[in-house]
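Close look at the chain arrangement
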Amino acid sequence: MIVVTGATGNVGRPLVSLLAGAGERVTAVSRRVPSEGLPEGVVHAVADLADFASLGPVLKGADALFLLLGGELNGPGAPAAELFDLVREAGVRRVVLLSSQINGTRPDASSHARLREFERALRESGLEHTVLRAGGFASNAYAWAEGVRARRTVHAPFADVALPVVDPADLAAVAAAALREDGHHGQVYVLTGPEGITPRRQAAVLGEVLGETVEFVEISREQARAHLARFMPEEVIDGTLDILGTPLPEEQQPAPDVERVLGRPARSFADWARDARGAFR
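Keep in mind the model is a prediction, meaning the values are calculated, not measured.

Parameters and conventions
- Residues numbered from 1 in each chain as written.
- Predicted model: local features only at pLDDT ≥ 70, side-chain atom pairs only at ≥ 80, totals over all residues.
- Heavy atoms only, no water.
- Helix = DSSP H or I, 4+ residues; strand = E, 2+ residues; numbered from the N terminus.
- Rg over C-alpha atoms; globule rule 2.2 N^0.38 Å.
- Buried < 20%, exposed > 50% of the residue type's maximum accessible area, 1.4 Å probe, protein only.
- Contact = heavy atoms within 4.5 Å.
- Areas by Shrake-Rupley, 256 points an atom, 1.4 Å probe, with all protein chains shown as cover.
- Core = buried A, V, L, I, M, F, W, Y, C linked by side-chain atoms within 4.5 Å.
- Pairing = 2+ DSSP bridges.
- Axes fitted to C-alpha atoms, helices over the stretch in contact; angles between N-to-C directions.
- Phe/Tyr/Trp six-rings, centres within 6.5 Å; stacked < 30°, edge-to-face > 60°.
- Expected span 1.5 Å × (residues − 1).
- Left-handed = near helix turned anticlockwise from the far one by under 90°.
- Salt bridge = Lys/Arg side-chain N within 4 Å of Asp/Glu carboxyl O.

Observations concerning the overall build of the protein
In terms of regular secondary structure, the protein is built from 12 helices and nine strands. Whereas a compact globule of 281 residues would reach a radius of gyration of roughly 19 Å, the protein reaches 19 Å, a difference of no more than 12%. Expressed as lengths along the three principal axes of its C-alpha atoms, the size of the protein is roughly 55 × 40 × 35 Å. In the protein, which comprises 281 residues, the proportion classed as buried is 50%. Partitioning the intrachain contacts of the protein with sequence separation of at least 6 by distance along the chain shows that 75% fall at a separation of at least 24. Carbon and sulfur atoms make up 49% of the accessible area of the protein, which amounts to about 12900 Å² in all.

This is the structure we're talking about:
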């Protein structure tokens, strides 16, 4: 059995579908009961990774675990090693952790200290493990959906800074491979899209997909900061804006690991936008 945490999100949902479609027994874990149905045969369980013990009963009988961390990264919390002790004691042998490219490019970033702790604890746990360091998500463009639907307008900072955003479907596909196949133990995969794309160009692509013009309006860093402060922890905001506005060369360079693992090119932002266009209509 494979346990998937964050199972109702942009990565977890396609991962659950891929695993179920491959005939795997899957337990989908989220903090709340999903509003949409899961694939036939998938079992749902409620657990909150901010409370490691809540995951214990879910892991009984599992062989592998996909670990997606969210709110539990905000603040110190329990030592990460305690989670992997629990995982090991449950008899799980393989863990795939969704992490961030920033852990490799900016190893001193305070915003990612807790996530680095989880990476380190997993490496030291004795479990078979794979770490997926993801770049920025194409699905972050969902934040523009209301403005596109209502006014055919995108407001964003750093109009002409290009980053190779990754389709969450590719993250799910790489995770499925690492969970199901041998040969990924100890690997750290950097997962990005196939090419850099600017926010201005993303807006244009959304327009192309919709068959209408989508206007791009550049906002200042200060305006973007005020927006992010509504839902993002204070300590994460400036680091996020630094990456979006002044990325390092290696953060702008597409990584080859999606194609290396899957044997096909990474999906583009346009590929993602075609699949997501219903949210922007």
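Focus on the nonpolar core
Judged by nonpolar contacts, the single largest core of 30 residues is most densely connected at Val4, Leu15, Leu19, Phe66, Leu132 and Leu179. Sorting elements by how many residues they give to this core places helix α6 (residues 168-180) first, with eight residues. Listed in part, the 28 residues of the second largest apolar core include Leu55, Ala80, Leu122 and Leu127.

Some points on the sheet that holds strand β8 (residues 188-191)
Sheet architecture is open: seven strands sit in the order β3-β2-β1-β4-β5-β6-β8, paired in parallel fashion. Where the open sheet ends on each side, the last strands, each with one partner, are β3 (43-46) and β8. The average angle at which neighbouring strand axes cross in this sheet is 20°, direction not considered. Relative to strand β4 (residues 64-68), strand β1 (residues 2-4) runs parallel, the two sharing three bridges. Residue pairing for β4: Val4 is matched across the bridge by Phe66. On top of the sheet, helix α1 (residues 12-21) reaches β1, β2 (26-30) and β4; it is set at about 160° to β1, its chief contact.

Some points on the packing of aromatic side chains
Overall, the coordinates contain six aromatic pairs when judged by the stated rule. Pairing Phe52 with Phe118 gives two aromatic rings, centres 6.3 Å apart and planes at 85°, and the pair type is edge-to-face. Within this pair, whereas Phe52 is found in the loop between β3 and β4, its partner Phe118 is found in helix α4 (residues 113-123), the two being separated by 66 residues in sequence. On the accessibility criterion, Phe52 (9% relative accessible area) is buried. The interplanar angle of 35° and the centroid separation of 5.5 Å between the aromatic rings of Phe269 and Trp272 together place this pair among those described as tilted. With a gap of three residues between them, Phe269 and Trp272 both fall in helix α12 (residues 269-276), about one helical turn apart.

Describing helix α7 (residues 199-210)
Three or four residues apart is the spacing at which side chains of an α-helix point the same way, because the helix has 3.6 residues per turn. Compared with the 16 Å implied by 1.5 Å per residue over 12 residues, the 17 Å span of α7 between its first and last C-alpha is a close match. Every buried residue belonging to α7 is among Pro199, Gln202, Ala203, Val205, Leu206, Gly207, Val209 and Leu210, and all of these are buried. Packed against the buried residues of α7 are α5 (145-151), β7 (153-156), β9 (215-218) and α12.

A closer look at the environment of Pro265
Among the secondary structure elements, Pro265 is positioned in the loop between α11 (257-262) and α12. Taking relative accessible area as the criterion, Pro265 reaches 52% and is therefore assigned exposed. As for Pro265 and Gly207, which are separated by 58 residues in sequence, their C-alpha atoms are 24 Å apart.

Quick word on the environment of Glu235
Topologically, Glu235 is positioned in helix α9 (residues 234-245). Here Glu235 falls in the partly exposed class, since its relative accessible area comes to 45%. Glu235 sits 123 residues away from His112 along the chain, and the two C-alpha atoms are 9.4 Å apart.

Topic: the packing of helix α8 (residues 221-228) against α9
At a closest axis distance of 10 Å, the pairing of α8 and α9 adopts a crossing angle of 140°. α9 is crossed by α8, and the crossing has right-handed handedness. Facing Arg221, Ala224, Arg225 and Leu228 of α8, the residues of α9 in contact are Glu234, Ile237, Asp238, Leu241 and Asp242.

Examining the pattern of salt bridges
For the coordinates displayed, the defined rule picks out 21 salt bridges. A salt bridge links Glu128 to Arg94, with the shortest nitrogen-to-oxygen separation between them at 2.7 Å. Of this pair, Glu128 sits in strand β6 (residues 128-134) while Arg94 is found in strand β5 (residues 94-100), placing the two residues 34 residues apart along the sequence. Owing to a relative accessible area of 3%, Arg94 belongs among the buried residues under this scheme. Among the salt bridges present, the one from Arg94 reaches Asp182, with a minimum N-O distance of 2.6 Å. Residue Arg94 is found in strand β5, and its partner Asp182 is found in the loop between α6 and β8; the two are separated by 88 residues along the sequence. Each member of the salt-bridge network shares a partner with another, and the members are Arg93, Arg94, Glu128 and Asp182.

Remember, this is a structural readout, not a statement about activity or role.
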